[in-house]
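Residues per chain, in single letters:
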Amino acid sequence: MDLQTLTYCVVGATFLLYIAIAIKARAGSTGEFYVAGGGVHPVANGMATAADWMSAASFISMAGLIAFSG
């Protein structure tokens with residue numbers, strides 16, 4: 001088996017694994033989709049939201065600083 005065929009097989013198997021995980025973990029209702037079925041503690045949910053916001057804000061501000069400062 002040559003390298004290109006092996007690469008296609010590994011990438012294809014990885015895609016199939018990701019698709020299988022996505023189908024298995026699919027939300028059954030809108031409640032499960034939006035609030036994770038109530039299984040996430042509000043503090044943990046707030047920390048995750050804050051981390052996403054701070055990450056995006058720091059990335060955008062760093063890009064702006066680099067653009068304006070050179």
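Here the residue numbering is sequential within each chain, running from 1 through the sequence in written order. Reporting of local features is limited, given that this is a predicted model, to residues whose pLDDT is at least 70; pairs of side-chain atoms are given and counted only at 80 or more, and all residues count toward the totals for whole chains, interfaces and linings. Calculation of side-chain values draws on the structure's entire complement of heavy atoms; hydrogens and water are dropped beforehand.

1. Let's talk about the overall build of the protein
Of the regular secondary structure elements, the protein holds three helices and zero strands. Each helix and strand of the protein, placed in order from N terminus to C terminus, yields the pattern α-α-α. Based on C-alpha atoms, the radius of gyration is set beside the globule rule, defined as 2.2 Å times the residue count to the power 0.38. The globule rule puts the C-alpha radius of gyration for 70 residues at 11 Å, and the 20 Å found for the protein is more than 25% above it. Dimensions along the principal axes, computed over C-alpha positions, put the protein at roughly 50 × 45 × 15 Å. Buried residues in the protein amount to 0% of all 70 residues. Computed by Shrake-Rupley with a 1.4 Å probe, the accessible areas treat only the displayed protein chains as cover when residues are assessed. As displayed, the protein has an accessible area near 6300 Å², and 72% of this comes from carbon and sulfur atoms. The numbering of helices and of strands both runs from the N terminus, where a helix is a DSSP run of H or I of at least 4 residues and a strand a run of E of at least 2. Burial classes follow relative accessibility: with a 1.4 Å probe on protein chains only, a residue under 20% of its type's maximum area counts as buried, one over 50% as exposed, and anything between as partly exposed.

2. Structural notes on the confidence of the model for the protein
Confidence scores per residue from the predictor, reported as pLDDT, run from 0 to 100. Confidence in the prediction of the protein, expressed as mean pLDDT, is 85, and 100% of residues score 70 or more. Taken element by element, the protein is modelled with least confidence in helix 2 (residues 30–35), mean pLDDT 74, and with most confidence in helix 1 (residues 3–24), mean pLDDT 95.

3. Concerning helix 3 (residues 42–69)
For a helix, the expected span equals 1.5 Å multiplied by the number of residues minus one. If you check helix 3, its first and last C-alpha atoms are 40 Å apart, about what 28 residues at 1.5 Å a residue would give, namely 40 Å. Phi turns positive, to about 90 degrees, at Gly70, one or two residues after helix 3.

4. A few points about the environment of Arg26
By the element assignment, Arg26 lies in the loop between helix 1 and helix 2. Remark: the alpha-carbon pair of Arg26 and Met62, spanning 36 residues in sequence, is separated by 36 Å.

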